[in-house]
Amino acid sequence: MDAAAQLMAQVQRGEPEAFESLVQQYQGPLYAFFVRLGIRQADAEDLVQETFLRVYKARQTFDPQRTFPPWLYGIASHVWADYWRQQERVQVSVARAAQEMGAAEAAEVSDVRDQAARRDVVRQVRESMHQLPEDHRLVLILRHYQGLRYDEIAQALGLSVGTVKSRIYYALAKLRVELRRRGLLEA
Amino acid sequence: MDCQAIREQMIDYFYRELPPEEWARIEEHLLGCRECQEELATLRRVAATLDQWQVPEPPRGLVERTLARLRAEVIGVLPWSGREVVSWATPFLALGLGGLAAGASLGLTAHLTPHQGTPFMLAVLGIFWAVLYGGLFLATLGGWAPWKQLARVALLAGGLAVLLTPVLSIPEVVEACGELLGRARGSVALNALLFLVGGLYTAAPLLVAHRVAGRTPGPVPPSQGLASGLLYLLLVAPVFYLQCAALALGVGATWMAGGIVGVLAGGPAGIWLAGHRAAASA
């Protein structure tokens, strides 16, 4: 049983402190997950909260013999899908998210000389990622940034491992072409 | 193993998604194949470029806000205890708060109803309010998520209406309407005005309550607005009834009809306004 699954087992037994540890541990990865999926930062916090609320409500359906992250990201993916369904002005939000993220990321770069160049790379990576179909982007983010294995992604999203693999292959192939076109892949 | 087969597994190799023997076979092939080494190097450059996309840390206090929301919406935790309320204390606490609210409501409104305010009537009204307030407090404090939001809005709207009553009682408003229209008692114009003002007078606390306490994530069906409106109406019905009973029958009936329509329209309208506000801020 992994550490997070153990905490969930404690939550199931009615120990709220264990849930606080889970929130501490996964707030950062979940926040990054939503931001990379194109949620603007102000809304990403709401989605993180909503995910944890759903996790708590569904706590008794979690099997502590399994790993926690696939279950968590399965719920988070539903939260993300529900969010977009509610949004009427998706394009506006994505554009705003891009602006906000550009500003925040710029603030994080410590070396002033590299700031402009790095911001440009980050912007181009983000734009390239957002050219992928949503379902491909979701799978790639889960594999590359969140570190889930193919079988865990398949479990989280209710897909076959073959589908997960083919989406990752397609996404990386398309990204490779796009990054090369933007001049980001020179040796 | 030829290069084509190796390249088909290159991404699995990179992400270490292969069984050890497959992984070792590709490793061995790579040692002697410059083209496949190039392919792997390109894949690593793609990954390294993706890795440059770092996102900011979550905002400070996210954990605390998440836990506070969890307590408020799901667990039903008392803010000062940090413990889940599943004990025997919650119903007693709710009933105690309900009793206090009932006492305060009686204190604020009993003197406005001299004709109906017999001890027996006041006792019945006090018990009615204590039970109703207590139930709403229980729904707010307890873990019944579907009822929590409705109860919160109904409590706030009812409290506002009771507070409004001594400041601006229904007979005073009716009197002002009569003066406005030159005391055209019984006329169609006065009845229409009373109907309209009665609706607004009743709906206003509900709209304010939705604005203050009605913020929920995601869309809320208008039926929830209707349900919270009906709970609110139940809460304030005695005050309105006792005040309207002091009026002429036609005037009181017109006012109450306007009030009922105001609640039926005000609940869903409050939900719509809260949703509109949430959409505008998104």
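A quick note: this is a predicted structure, and the numbers were derived from the prediction, not measured. (Residues numbered from 1 in each chain as written. Chains lettered and ligands numbered in written order. Predicted model: local features only at pLDDT ≥ 70, side-chain atom pairs only at ≥ 80, totals over all residues.)

> A description of the overall build of chain B should follow, citing residues and the corresponding values.
Each helix and strand in chain B was counted, giving 12 helices and 0 strands. Counting helices and strands in the order they occur from the N terminus, chain B gives α-α-α-α-α-α-α-α-α-α-α-α. Counting the 282 residues in chain B, one finds 34% classified as buried. (Helix = DSSP H or I, 4+ residues; strand = E, 2+ residues; numbered from the N terminus. Buried ≥ 20, exposed ≤ 12 C-beta atoms within 10 Å, placed from the backbone.)

> Go over unusual backbone geometry, please, and point to the residues and values.
All names here are of chain B. In the Ramachandran plot, Arg16 falls in the positive-phi region, its phi being about 55 degrees despite a non-glycine side chain. With respect to the helices and strands, Arg16 occurs in the loop between α2 (10-14) and α3 (20-32). By C-beta crowding, Arg16 is classed as exposed, having 8 other C-beta atoms within 10 Å.

> Summarise the packing of helix α8 (residues 150-157) of chain A against helix α9 (residues 161-181) of chain A; cite the residues concerned and give the values.
Residue and element names in this part refer to chain A. Closest axis-to-axis distance for the α8/α9 pair is 8 Å, and the angle between their directions is 110 degrees. Looking at the two axes, α8 sits roughly perpendicular to α9. In contact with Tyr150, Asp151, Ile153 and Ala154 of α8, α9 contributes Val161, Val164 and Lys165. Across the contact of α8 with α9, the residue classes break down as 5 nonpolar, no polar and 2 charged. (Axes fitted to C-alpha atoms, helices over the stretch in contact; angles between N-to-C directions. Parallel < 35°, antiparallel > 145°, perpendicular 65-115°, else oblique. Contact = placed C-beta atoms within 7 Å. Nonpolar A, V, L, I, M, F, W, Y, C, P; charged D, E, K, R; others polar.)

> Residue-level account of the environment of Ala209 of chain B, with values.
Structurally, Ala209 of chain B can be placed in helix α10 (residues 188-213). Remark: the alpha-carbon pair of Ala209 of chain B and Leu155 of chain B, spanning 54 residues in sequence, is separated by 8.5 Å.

> Please provide a residue-by-residue account of the interface of chain A and chain B, values included.
Of the residues lining the interface, 43 residues belong to chain A; the matching set on chain B comes to 30 residues. Elements that contribute at least two residues to the side of chain A that touches chain B include exactly α2 (16-36), α3 (41-57), α4 (68-86), α5 (90-108), α6 (112-129), α7 (134-144) and α9 of chain A. Split into classes, the residues belonging to the side of chain A that touches chain B amount to 22 nonpolar, 7 polar and 14 charged.

> I'd like a description of α7 of chain A, backed by residues and values.
Every buried residue of α7 of chain A is accounted for by Leu138, Val139, Leu140, Ile141, Leu142, Arg143 and His144 of chain A. For α7 of chain A, the secondary structure elements touched by its buried residues are α2, α4, α8 and α9 of chain A together with α4 (34-51) of chain B.

> Before we move on, could you go through the packing of helix α9 (residues 170-180) of chain B against α10 of chain B and cite the residues and values that matter?
Residue and element names in this part refer to chain B. Two elements in contact, α9 and α10, have axes separated by 10 Å at closest approach and are oriented at 145 degrees. Read as a crossing pair, α9 and α10 show a hand that is right-handed. When α9 is examined against α10, the residues Val173, Val174, Cys177 and Gly178 are found in contact with a partner set consisting of Leu190, Leu193, Leu194, Val197 and Tyr201. Tallied by class, the residues present in the contact of α9 with α10 amount to 8 nonpolar, 1 polar and no charged. (Left-handed = near helix turned anticlockwise from the far one by under 90°.)

> Give me helix α1 (residues 3-12) of chain A: which residues, what numbers.
Helical geometry note: an α-helix holds 3.6 residues per turn, so side chains three or four residues apart project in the same direction. Residues and elements named next belong to chain A. All of the buried residues along α1 are Leu7, Met8 and Val11. Down the axis of α1, the buried side of the element spans an arc of 100 degrees, and every buried residue falls inside it. Where α1 ends, the next residue or the one after it, Gly14, has phi of about 90 degrees, a positive value. (Arc of directions from axis to C-beta.)

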